[in-house]
Amino acid sequence: MNDDIQKKRHEYSLKELNEHDVNPDPFVQFDTWFKIALDADLPDANAMTLATVNSDGKPTARILLLKDYSKDGYCFFTNYRSKKGEDIELNPFGAMVFFWPQLEKQIRIEGRIEKLNPEHSSVYFMARPVGSRRAAAVSPQSTILTSRAELENAIEKFKNEYGDEFNRPDYWGGYKLIPNKFEFWQGRESRLNDRIEFVIEKENWRFHRLAP
Ligand SMILES: Cc1cc2nc3c(=O)[nH]c(=O)nc-3n(C[C@H](O)[C@H](O)[C@H](O)COP(=O)(O)O)c2cc1C
């Protein structure tokens with residue numbers, strides 16, 4: 001057993017989350033907490049973990065950046081041929097987790113995942129800096145490379161061929177996760193944390209408290 005890790009203890013004491021201060025609309029509650037995280041100037045406040053499941057029922061999780069959100073869903077951008085792209089193709093459900101340690105807050109969202117429409121993906125692609133656009137177009141995300149040089153050479157070749165003017169490739173774009181569940185978690189003293197879960201029933205959201 002690792003003694004150093006076992007002795008590591010942090011008391012959560014910053015805030016509370018009560019039934020009377022949670023917004024009955026989980027999209028509004030998300031917006032409130034997300035803006036607190038943005039205003040706190042946290043590094044990568046829009047970073048979250050996305051878990052997907054493959055055709056054998058095995059989960060994979062990775063960090064992604066949330067790039068947009070509304071009642072339509074929570075959006076991220078990636079390579080459609082990546083591991084996550086393959087998972088989503090076969091099993092279009094996922095789970096997102098945001099954790100802001102400085103705020104002692106966690107948000108979990110679960111739901112169905114759909115591709116964004118191609119126009120939306122293209123608008124976002126064209127708004128990216130050219131280097132990021134080139135990387136998205138050239139990198140065969142999640143495939144094995146023989147070396148870093150292989151990737152750098154492919155970037156150089158692409159630069160020579162297309163310069164700075166090229167469109168979004170059809171294998172790169174956005175997805176949205178359409179929530180059917182949210183959980184808002186606020187750390188409290190002695191691990192008696194507040195957890196408010198929202199579920200949708202007949203198109204109405206209702207919430208309840210979960211045991212920590
Ligand atoms: C802070 C951070 C932000 C990231 N943002 C993205 C992103 O927005 N899109 C993306 O495809 N990968 C992003 N990645 C890389 C992913 O974690 C992952 O390595 C990649 O998407 C391949 O995942 P997959 O093999 O499961 O498909 C990010 C990684 C980190 C650490």
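Read on for a plain summary of the structure. (Residues numbered from 1 in each chain as written. Predicted model: local features only at pLDDT ≥ 70, side-chain atom pairs only at ≥ 80, totals over all residues. Heavy atoms only, no water.)

1. Topic: the packing of aromatic side chains
Right, on to step 1. Under the defined criterion, the tally for this structure stands at 28 aromatic pairs.
Right, on to step 2. When the ring of F184 is compared with that of F198, the centres are 5.7 Å apart and the planes differ by 80 degrees; the resulting orientation is edge-to-face. Pair noted here: F184 is in strand β7 (residues 172-186) and F198 is in strand β8 (residues 194-201), with a separation of 14 residues, a long-range link.
Right, on to step 3. You can call F184 buried: its relative accessible area is 0%.
Right, on to step 4. Look at F198 and you get buried, because its relative accessible area is 0%.
Right, on to step 5. Directly above the aromatic system of F166 lies the positively charged group of R133, at a separation of 5.3 Å from the ring centroid. (Phe/Tyr/Trp six-rings, centres within 6.5 Å; stacked < 30°, edge-to-face > 60°. Helix = DSSP H or I, 4+ residues; strand = E, 2+ residues; numbered from the N terminus. Buried < 20%, exposed > 50% of the residue type's maximum accessible area, 1.4 Å probe, protein only. Lys NZ or Arg CZ within 6 Å of the ring centre and 35° of its normal.)

2. Points about the site of the ligand
Right, on to step 1. In the vicinity of the ligand, the contacting residues are D44, R62, I63, L64, L65, F77, T78, S82, K83, K84, Q141 and S142.
Right, on to step 2. For the ligand, an oxygen atom lies 2.7 Å from a polar atom in the backbone of I63.
Right, on to step 3. In this structure, L65 approaches the ligand through a main-chain N or O atom, which is 3.2 Å from an oxygen atom.
Right, on to step 4. For the ligand, whose free accessible area comes to 620 Å², the fraction covered by protein is 63%.
Right, on to step 5. Contributing elements (two or more residues each) for the shell around the ligand: β2 (59-65), β4 (73-79) and α3 (83-90). (Near = heavy atom within 4 Å. Polar contact = N/O pair within 3.5 Å; in protein donor to acceptor, adjacent residues only side chain to side chain. Areas by Shrake-Rupley, 256 points an atom, 1.4 Å probe, with all protein chains shown as cover.)

3. Section: the pairing of β7
Right, on to step 1. Buried residues dominate β7, accounting for 12 of its 15 residues.
Right, on to step 2. Note that β4 and β7 share 6 bridges and pair antiparallel. Looking at the pairing, N79 lines up with W172 of β7.
Right, on to step 3. Taken together, the 11 bridges between strand β6 (residues 105-115) and β7 define a ladder with antiparallel strand orientation. Pairing of I109 across the sheet is with F182, part of β7.
Right, on to step 4. Sheet topology note: the β7/β8 ladder contains 6 bridges and is antiparallel. Following the sheet pairing, F184 is matched in β8 by I196. (Pairing = 2+ DSSP bridges.)

4. Points about helix α5 (residues 130-138)
Right, on to step 1. Residues of α5 that are buried include every one of R133, R134, A136, A137 and V138, and no others.
Right, on to step 2. In the core, the buried residues of α5 are packed alongside β4, α4 (118-127), α6 (148-162) and β7. (Contact = heavy atoms within 4.5 Å.)

5. Concerning helix α2 (residues 26-39)
Right, on to step 1. Taking 1.5 Å of rise per residue, 14 residues should cover 20 Å, and α2 covers 20 Å from first to last C-alpha, within 8% of that figure.
Right, on to step 2. Two to three positions downstream of the cap, the backbone nitrogen of F27 sits 2.9 Å from a side-chain oxygen, assigning the N-cap of α2 to D25. (Expected span 1.5 Å × (residues − 1).)

6. A look at the pattern of salt bridges
Right, on to step 1. Tallied over the full model, the rule gives 16 salt bridges.
Right, on to step 2. For E114, the salt bridge identified is with R112, shortest N-O distance 2.3 Å.
Right, on to step 3. D164 is paired through a salt bridge with R134; the nearest N and O atoms lie 2.9 Å apart. With a gap of 30 residues between them, D164 in the loop between α6 and β7 and R134 in helix α5 connect regions that are remote in the sequence.
Right, on to step 4. Relative accessible area serves as the criterion here: at 45%, D164 is assigned to the partly exposed category.
Right, on to step 5. It is possible to trace a salt-bridge network through shared partners that takes in E16, E19, R188, D194 and R209. (Salt bridge = Lys/Arg side-chain N within 4 Å of Asp/Glu carboxyl O.)

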